[in-house]
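# Observations on the three-dimensional arrangement
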Amino acid sequence: MNYNHNKKSAPGRKRMPARMSLGALAMLMALAMSGLVSCSKSQSYSELLRDEEKAVNWFLAQKKVELEIPADSISFKTGENAPFYKLDEDGYVYMQVISKGDMDDRAESGDLVYFRFSRQNINYLYTGVSDSWSGNSENLASGLSTFVYKNLTLQSSAQYGTGIQMPLKFFGYNSEVNLVLKSYYGFTSDQTTCTPYIINVRYFKPEY
């Protein structure tokens, strides 16, 4: 049978566009969905702060909390069952004392302090996301971190934030604490994302 492949369309009749392939349609739907997801995940800074507050309150609700700092360093309770002491008026830092260290050998303003740390993201813990401890506490091959006590003009010190220095007001070298750090007093890398951490810190004196 002879088919005429060159047959013209009838006058006045518009050609219908070719049907969209299933692959192209699927791609468009995927792009649309990804746009919706990205929009739903974007949060304002105030929303991030509210999420941080909820996560920290959830974490502390499972711990003993003392809202008053003891009158002297001797009165701090120590150990893994010790309470978390609120260190600042706004509740950016809470401290649990594991060991007070050498109370006769304490850092002074301008001293270089070595420390090791391990930390977990409290936002992840709150939302049920698995998060392992990170830092340099267990990796002895990793060098110690440092800051200059009470000097936040140096980037090498400022990158760790204010909160990590606060325990040295009360305790000496070789002390160990657990800190709940809200982002405002935490590492500078965590401040834009409003990420709070539970962080274990051990402080050491330079040997030279």
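Further up the page is the structure itself.
Scope of this entry: the structure provided in the associated data block. (Residues numbered from 1 in each chain as written. Predicted model: local features only at pLDDT ≥ 70, side-chain atom pairs only at ≥ 80, totals over all residues. Heavy atoms only, no water.)

### Quick look at the pairing of strand S8 (residues 197–204)
In terms of burial, S8 is a largely internal element, six of the eight residues being buried. Pairing geometry for strand S4 (residues 112–121) and S8, over eight bridges, is antiparallel. Looking at S8, one finds that Ser118 is bridged to Asn200. Here six bridges tie strand S7 (residues 176–181) to S8, and the two strands are oriented antiparallel to one another. Of the residues in S8, the one forming a bridge with Asn178 is Asn200. (Buried < 20%, exposed > 50% of the residue type's maximum accessible area, 1.4 Å probe, protein only. Helix = DSSP H or I, 4+ residues; strand = E, 2+ residues; numbered from the N terminus. Pairing = 2+ DSSP bridges.)

### Digging into the pattern of salt bridges
Taken as a whole, this structure holds three salt bridges when the rule is applied. A salt bridge links Asp105 to Lys205; the shortest N-O distance between them is 3.2 Å. In this pair, Asp105 is assigned in the loop between strand S3 (93–99) and S4 and Lys205 in the segment after S8, connecting sequence segments 100 residues apart. The exposure class assigned to Asp105 is partly exposed, which follows from its relative accessible area of 22%. A residue is classified by how much of its surface remains accessible, and Lys205, at 44% relative accessible area, is partly exposed. The closest approach of N and O atoms between Asp190 and Arg119, which form a salt bridge, is 2.7 Å. Of this pair, Asp190 sits in the loop between S7 and S8 while Arg119 is found in strand S4, placing the two residues 71 residues apart along the sequence. Residues Asp190 and Arg119 agree in their burial class; the two are buried. (Salt bridge = Lys/Arg side-chain N within 4 Å of Asp/Glu carboxyl O.)

### As for unusual backbone geometry
We note that Asn174 has phi near 70°; this positive angle belongs to a residue other than glycine. Structurally, the position occupied by Asn174 is in the loop between helix H4 (155–158) and S7. In this structure, Cys194 is a non-glycine residue whose phi angle is positive, near 55°. The residue Cys194 is located in the loop between S7 and S8 in this model. With relative accessibility at 0%, the residue Cys194 sits in the buried group.

### With respect to the packing of aromatic side chains
According to the stated counting rule, one finds 14 aromatic pairs in the structure shown. Their ring planes at 85° and their centres at 6.4 Å tell us that Phe59 and Phe84 sit as a pair that is edge-to-face. One end of the pair, Phe59, is in helix H2 (residues 45–60); the other, Phe84, is in strand S2 (residues 84–86), with 25 residues separating them in the sequence. Residue class for Phe59 comes out buried when judged on its relative accessible area of 9%. Geometrically, the ring pair formed by Phe115 and Phe147 is tilted, given 5.4 Å between the ring centres and 40° between the ring planes. Residue Phe115 is found in strand S4, and its partner Phe147 is found in strand S6 (residues 145–148); the two are separated by 32 residues along the sequence. Here Phe115 and Phe147 have matching classes, each one buried. (Phe/Tyr/Trp six-rings, centres within 6.5 Å; stacked < 30°, edge-to-face > 60°.)

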